[in-house]
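Listed below, chain by chain, are the residues.
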Amino acid sequence: MTTAATSVSYRLPQVRSLVTPLPGPESVRLAERRRAAVAAGVGSSVPVYAMDADGGVIVDVDGNSLIDLGSGIAVTSVGASDPRVAEAVAAQAAHFTHTCFMVTPYEGYVTVAERLNALTPGDHAKRTVLFNSGAEAVENAVKVARLATGRDAVVAFDHAYHGRTNLTMALTAKTMPYKKDFGPFAPEVYRMPMSYPYRDAAAGLEADGAAAARRAIDQIEKQIGGDAVAAVILEPIQGEGGFIVPAPGFLPALAAWAKDNGVVFIADEVQTGFARTGAWFACEDEGVVPDIVTLAKGIAGGMPLSAITGRADLLDAVHPGGLGGTYGGNPVACAAALAALDTMTELDLPARARAIGDRALPRLRALAAELDVIGDVRGRGAMLAIELVRPGTVEPDPELTKDIAARALAAGVVILTCGTYGNVIRLLPPLVIGDELLDDALTVLETAIREAAA
Ligand SMILES: Cc1ncc(COP(=O)(O)O)c(C=O)c1O
């Protein structure tokens, strides 16, 4: 891959190559062991066991080389074995893997906080706290907002996904598989209508961002009252809910309303953050400056790390000891984050994400013009989606969506699906994927869609 800044050299051949049908015999053997050892509640979208990964490929235990269009759900933007990350992890592990920042602190945590304070939107004074997962970051953003405002209510949106812990299940919209039978859920969570331009227009609603924001704000004021709301939490582009890009104006109007009402505006950038959408953070597209941003996934080159970064006055309002956790900001994960941030900067991965979008979107749009099973093509940068419907309608077609993903996999391309209705193909390639490999994967996807639709 070549970017404006430099070029990437790969350890593994960047090719799609199948030496067995998928899953191959070794993957089948591991699946049998897994059935006897791993709880059935943990799913895997692809029945193929990984052995190695680099750049845009995952090599499985049978020696098949698959093109990765999922990045482990938007995590391995710098690749799954970025040499800089691998070296930093090994070097840190050789000294200490853990002391607990709440016991004996260390420099890496402080440096990550400094970097995130500088990188996230807004030039106001900021503070950062580090955790392990996206859900944990969201939980803590809400804790801070409630303490700082002295209010209880939290506003989330239709199609939202914020995690699988109790509070984040409450914030997440979709019941199956995330919430079903796991209640009762945390109280004082209110769900508001999202801006979903494709479906808003199909439903005859005004689809522009200002109108969609008015609908949400009207409901917030009627159901809760602005002075009772601690926080509004929103993904700038919704992830699991279907890669829904709100209409322009929606985010700024909600952020402005939050400001006017003393409400903490939390941007959940767990999936959209760290160059994925062509900017460091998706909020930047409309110049929105959140009070708190939640971060994870792409932050540390695949190592488990998450963060909340936000207004110093909010984060410093919490009493000492009120925030933390045994592993939060683990030193190995911090070393990985600093290395991943260096790689993202050196390779100018925001620009690379834009280039991926510029390369893929015209092809996806051309296909949409040809096939009436494609209701919508959307996305920004390297966060792209195809919404599949029954021909001539807006009725979701989850079966077709599954069929397409299965056909792509059989041909050696890992593709993820998502969406409230399970009818969205989402593309999240590692940002270090080369053009040739990306083109090959898109050709496989186009063929899979054509064949499944036929
Ligand atoms: C927007 C968003 N928030 C929160 C989460 C939860 O992150 P984690 O799975 O690391 O807990 C996710 C995960 O997909 C996400 O996409």
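To start, this report covers the structure provided alongside it. (Residues numbered from 1 in each chain as written. Predicted model: local features only at pLDDT ≥ 70, side-chain atom pairs only at ≥ 80, totals over all residues. Heavy atoms only, no water.)

## Considerations on the pairing of strand 6 (residues 189–192)
- Bridge count for strand 5 (residues 153–157) against strand 6 is four bridges, and the pairing is parallel. Residue pairing across strands places Val155 opposite Tyr190, the latter belonging to strand 6.
- In this view, the connection linking strand 5 to its parallel neighbour strand 6 by way of helix 6 (residues 166–171) has right-handed handedness. (Pairing = 2+ DSSP bridges. Helix = DSSP H or I, 4+ residues; strand = E, 2+ residues; numbered from the N terminus. Right-handed = clockwise from strand over helix to strand, strands pointing away.)

## What about the sheet that holds strand 6?
- An order of 4-10-9-8-7-5-6 is seen for the seven strands of this open sheet, with the pairing classed as mixed. Unpaired on one side and paired on the other, strand 4 (126–131) and strand 6 mark the two borders of the sheet. Taking each pair of neighbouring strands and ignoring which way they run, the sheet shows an average axis angle of 20°.
- For strand 5 and strand 7 (residues 229–234), the ladder comprises three bridges, and the chain directions are parallel. (Axes fitted to C-alpha atoms, helices over the stretch in contact; angles between N-to-C directions.)

## Looking at the site of the ligand
- In the vicinity of the ligand, the residues found are Ser133, Gly134, Ala135, Tyr161, His162, Gly163, Glu235, Glu240, Asp268, Val270, Gln271 and Lys297.
- Separating an oxygen atom of the ligand from a backbone N or O atom of Ala135 is a distance of 2.8 Å.
- At a separation of 2.7 Å, a nitrogen atom of the ligand approaches a polar side-chain atom of Asp268.
- Alone, the ligand offers 390 Å² of accessible surface; in the complex the protein occludes 83% of this.
- Across the shell around the ligand, the residue classes break down as three nonpolar, five polar and four charged. (Near = heavy atom within 4 Å. Polar contact = N/O pair within 3.5 Å; in protein donor to acceptor, adjacent residues only side chain to side chain. Areas by Shrake-Rupley, 256 points an atom, 1.4 Å probe, with all protein chains shown as cover. Nonpolar A, V, L, I, M, F, W, Y, C, P; charged D, E, K, R; others polar.)

## Some remarks on helix 11 (residues 331–346)
- If you check helix 11, its first and last C-alpha atoms are 23 Å apart, about what 16 residues at 1.5 Å a residue would give, namely 22 Å.
- When you tally the buried positions in helix 11, you get 13 out of 16 residues, the bulk of the element.
- Two to three positions downstream of the cap, the backbone nitrogen of Val332 sits 2.8 Å from a side-chain oxygen, assigning the N-cap of helix 11 to Asn330.
- Looking one or two residues beyond helix 11, the residue adopting positive phi is Asp348, at roughly 45°. (Expected span 1.5 Å × (residues − 1). Buried < 20%, exposed > 50% of the residue type's maximum accessible area, 1.4 Å probe, protein only.)

## Concerning the packing of helix 8 (residues 209–223) against helix 9 (residues 250–260)
- At a minimum axis distance of 8 Å, the contact between helix 8 and helix 9 shows a crossing angle of 35°. At the point where helix 8 passes helix 9, the crossing takes the right-handed sense. Contact residues: Gly209, Ala212, Ala213, Ile217, Ile220 and Glu221 in helix 8; Phe250, Ala253, Leu254 and Trp257 in helix 9.
- Taken together, the residues of the contact of helix 8 with helix 9 break down into eight nonpolar, one polar and one charged. (Left-handed = near helix turned anticlockwise from the far one by under 90°. Contact = heavy atoms within 4.5 Å.)

## Remarks on the pattern of salt bridges
- The full count for this structure, using the stated rule, is 27 salt bridges.
- The residue Asp316 makes a salt bridge to Arg127 at a minimum N-O spacing of 2.9 Å. With a gap of 189 residues between them, Asp316 in the loop between helix 10 (312–315) and helix 11 and Arg127 in strand 4 connect regions that are remote in the sequence.
- With relative accessibility at 47%, the residue Asp316 sits in the partly exposed group.
- Given a relative accessible area of 38%, Arg127 falls into the partly exposed group.
- The shortest N-O distance in the salt bridge between Asp439 and Arg359 comes to 2.7 Å. (Salt bridge = Lys/Arg side-chain N within 4 Å of Asp/Glu carboxyl O.)

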